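# Structural description and commentary
Okay, here's what each chain looks like letter by letter:
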Amino acid sequence: MIYKFRVILDAEDDVFRDIAIDETDTLEDLHNAIVNAFGFDGLEVGSFYTCDDTWNQEDEIPMFDAGDVPGENKIMSDYQLSDILDKENTKIIYVYDFINMWTFLVELASIEGQETGVIYPNLLFSLGAMPAEAMEKHFQADFEEEENYNEFEDDLDEDDLDAFGSDDSFEDFGFEENWN
């Protein structure tokens, strides 16, 4: 079967690509199809994230295993598309280039039979031009974490810094001048 995805860039303007890919292809194959469809050079890494129906991010599926024990963590190439996406689970998030954080909402639009003579993955439709820069992300802490942060926000003030003295000496801390 062929999975047809709509891959939407998280941006102010409408920018998306429709991609058809075989259900037995891996998430790494989908990663490569997305990179090519949006015109990236492919030199940066990316990750997929499982999510719920309202796009709340859940588990990461990275390109490479960065764990302490090799092979301990599953990576993109370990998952066929049909392993994690189906008629009930249609959404996944993709992030490319962790410096710029290009973020894409990837949704399985349909599952259809393979067309004779078509090579997959196949870019079906393209709308919108890529912006020069990724949209700025505003990360928000959970309410409980934010509350704890605000509790200690003003702990260190100018009077605390003056207590260390103005002679820039670190002798009181046990450091020698040329400690390295």
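Up top is the structure these notes are about.
A brief report on the enclosed structure follows. (Residues numbered from 1 in each chain as written. Predicted model: local features only at pLDDT ≥ 70, side-chain atom pairs only at ≥ 80, totals over all residues. Heavy atoms only, no water.)

### A look at the pairing of strand β3 (residues 46–51)
Most of β3 sits out of view: five of its six residues are buried. Pairing between β3 and strand β5 (residues 91–96): five bridges, direction antiparallel. Along β5, the bridge assignment pairs Phe 48 with Tyr 94. With four bridges joining them, β3 and strand β4 (residues 57–62) adopt antiparallel strand pairing. Its bridge partner being in β4, Ser 47 is matched across the sheet by Pro 62. (Buried < 20%, exposed > 50% of the residue type's maximum accessible area, 1.4 Å probe, protein only. Helix = DSSP H or I, 4+ residues; strand = E, 2+ residues; numbered from the N terminus. Pairing = 2+ DSSP bridges.)

### A short note on the side chain of Thr 90
As for its position among the elements, Thr 90 is in the loop between α2 (81–84) and β5. Those residues in contact with Thr 90 that sit more than four places away from it in its chain are Leu 85, Val 106, Glu 107 and Leu 108. (Contact = heavy atoms within 4.5 Å.)

### Some details on the nonpolar core
Counting residues in each nonpolar core, the largest one holds 30 residues, and the members touching the most others are Phe 5 and Phe 104. Looking at this core, the elements that each hand over two or more residues are β1 (2–9), β2 (16–22), α1 (27–37), β5 and β6 (102–112). The greatest single-element share of this core, amounting to six residues, is contributed by α1. When sequence neighbours within four positions are dropped, the list of residues in contact with Phe 5 reads Arg 17, Asp 18, Ile 19, Ile 21, Leu 30, Leu 81, Leu 85, Val 106, Glu 107, Leu 108 and Ala 109. (Core = buried A, V, L, I, M, F, W, Y, C linked by side-chain atoms within 4.5 Å.)

### Regarding the environment of Ile 111
Looking at where Ile 111 falls in the secondary structure, it is placed in strand β6. Its relative accessible area of 28% is what places Ile 111 among the partly exposed residues. In this structure, Ile 111 is in contact with Met 1, Ile 2, Tyr 3 and Lys 87, ignoring residues within four places of it in sequence.

### Thoughts on the packing of aromatic side chains
Per the counting criterion, the structure on display carries eight aromatic pairs. Judged by centre distance (5.9 Å) and plane angle (35 degrees), the rings of Phe 16 and Phe 125 are tilted. Of this pair, Phe 16 sits in strand β2 while Phe 125 sits in strand β7 (residues 122–127); the two residues are 109 residues apart in sequence, bridging distant segments of the chain. A ring pair is formed by Phe 40 and Tyr 96, whose centres lie 4.5 Å apart and whose planes are at 35 degrees; its orientation type is tilted. Of the two residues, Phe 40 is situated in the loop between α1 and β3 and Tyr 96 in strand β5; the sequence distance between them amounts to 56 residues. Each member of the pair, Phe 40 as well as Tyr 96, is classed as buried. (Phe/Tyr/Trp six-rings, centres within 6.5 Å; stacked < 30°, edge-to-face > 60°.)

### Some thoughts on the sheet that holds β1
Ordered in space as β4-β3-β5-β6-β1-β2-β7, the seven strands form an open sheet in which the pairing is antiparallel. In this open sheet, the two strands that pair with only one neighbour each are β4 and β7. Each strand axis lies, on average, 25 degrees off the axis of its neighbour in the sheet, ignoring direction. (Axes fitted to C-alpha atoms, helices over the stretch in contact; angles between N-to-C directions.)

### Considering the pattern of salt bridges
Here the structure, examined in full by the defined rule, presents two salt bridges. Here Lys 4 and Glu 112 are joined by a salt bridge, their closest N and O atoms 2.7 Å apart. Separated by 108 residues along the polypeptide, Lys 4 in strand β1 and Glu 112 in strand β6 bring together distant segments of the chain. A salt bridge links Arg 6 to Asp 18; the shortest N-O distance between them is 2.7 Å. Of the two residues, Arg 6 sits in strand β1 while Asp 18 sits in strand β2, which places them 12 residues apart along the sequence. A residue is classified by how much of its surface remains accessible, and Asp 18, at 13% relative accessible area, is buried. (Salt bridge = Lys/Arg side-chain N within 4 Å of Asp/Glu carboxyl O.)

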